[in-house]
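Each chain, written out:
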Amino acid sequence: CVRTAMSCVGAARCEQSCTNEHALHRHLVNNFTDDVHRPALPYKFKFKVSGCPNDCQNAIERADFAVIGTWRDEMKVDQDEVKAFVAAKGRQYVIDNVTTRCPTNALTLNDDDTMTVDNHNCVRCMHCLNVMTKALHPGDDKGVTILIGGKRTLKIGDLMGTVVVPFKKLDTAEDYEELVEMAGDIIDFFAENALEHERTGEMIERIGLVNFLEGIDIDVNP
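A.B. asks: Provide a residue-level description of the packing of helix H6 (residues 173-193) against helix H7 (residues 200-207), including the pertinent values.
C.D. replies: Two numbers describe how H6 lies on H7: the axes approach to 11 Å, and their chain directions differ by 65 degrees. In this view, H6 runs roughly perpendicular relative to H7, as classed from their interaxial angle. Considering how the two elements wind past one another, H6 and H7 form a crossing that is left-handed. Contacts from Phe-189, Phe-190 and Asn-193 of H6 reach H7 at Thr-200, Met-203, Arg-206 and Ile-207. Along the lines of polarity and charge, the residues of the contact of H6 with H7 split into 4 nonpolar, 2 polar and 1 charged.

Next up, the structure:
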């Protein structure tokens, strides 16, 4: 059946939140309650919503349908707070614990103790934002990324979700309806094409990602 959905505490308490987790959670639960009470699927199907790429719900690793809040414009940098952080911790601390730990070398600590962000190469790993919470913040153009097929070990080993929608705005009622409709299409495709006792990710591994995307009518958008 469709399992009880989960979402992080998100915008209610967390400054990193990039979407309205609770609204999305409620939309999904309200629309798929029948599938919770009347199991008719080959195996379980899980929704999880995390408001930022920290993914406190482990949605990417655990959910068939993972929604991760993100942003697509430039990270916001408060240079005064950067300087205050450097003054409090020291340049070497910032170099050792922030800039050199960026997986794509997108951060530069300048000679005047300001910070430059190469936003084109930022992969939203969230490490710098978690360390320098006053100085660095998510951008303003916020939305969500949709990943499909995450799970723990069953027939085959653990799978992480595959990105099928890199970025989607969730500003209007129509945006939420589109996302719920996509979820319904995926559940229907899963019900029709998965083998007994097979999770969504295992089905995708078996039939191929291209066939899955064609089946749910999603165009690849590089």
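A.B. asks: Let's hear about the nonpolar core: which residues, and what values?
C.D. replies: The biggest cluster of nonpolar side chains holds 33 residues, and the ones touching the most others in it are Leu-28, Phe-45, Phe-47, Phe-65, Ile-146 and Phe-212. Only helix H1 (21-37), strand E2 (47-50), strand E3 (65-71), strand E8 (142-148), strand E9 (162-168), H6, H7 and helix H8 (209-215) provide two or more residues apiece to this core. Looking at this core, the element that brings in the most residues is H6, giving 9 residues. Among residues more than four places away in sequence, those in contact with Phe-47 are Val-2, Ala-5, Met-6, Leu-28, Phe-32, Ala-63, Phe-65, Ala-183 and Ile-187. Counting residues in each nonpolar core, the second largest holds 22 residues, with Met-75, Ala-106, Cys-128 and Leu-136 among its members.

What counts, and at which threshold
- Residues numbered from 1 in each chain as written.
- Predicted model: local features only at pLDDT ≥ 70, side-chain atom pairs only at ≥ 80, totals over all residues.
- Heavy atoms only, no water.
- Axes fitted to C-alpha atoms, helices over the stretch in contact; angles between N-to-C directions.
- Helix = DSSP H or I, 4+ residues; strand = E, 2+ residues; numbered from the N terminus.
- Parallel < 35°, antiparallel > 145°, perpendicular 65-115°, else oblique.
- Left-handed = near helix turned anticlockwise from the far one by under 90°.
- Contact = heavy atoms within 4.5 Å.
- Nonpolar A, V, L, I, M, F, W, Y, C, P; charged D, E, K, R; others polar.
- Core = buried A, V, L, I, M, F, W, Y, C linked by side-chain atoms within 4.5 Å.
- Buried < 20%, exposed > 50% of the residue type's maximum accessible area, 1.4 Å probe, protein only.

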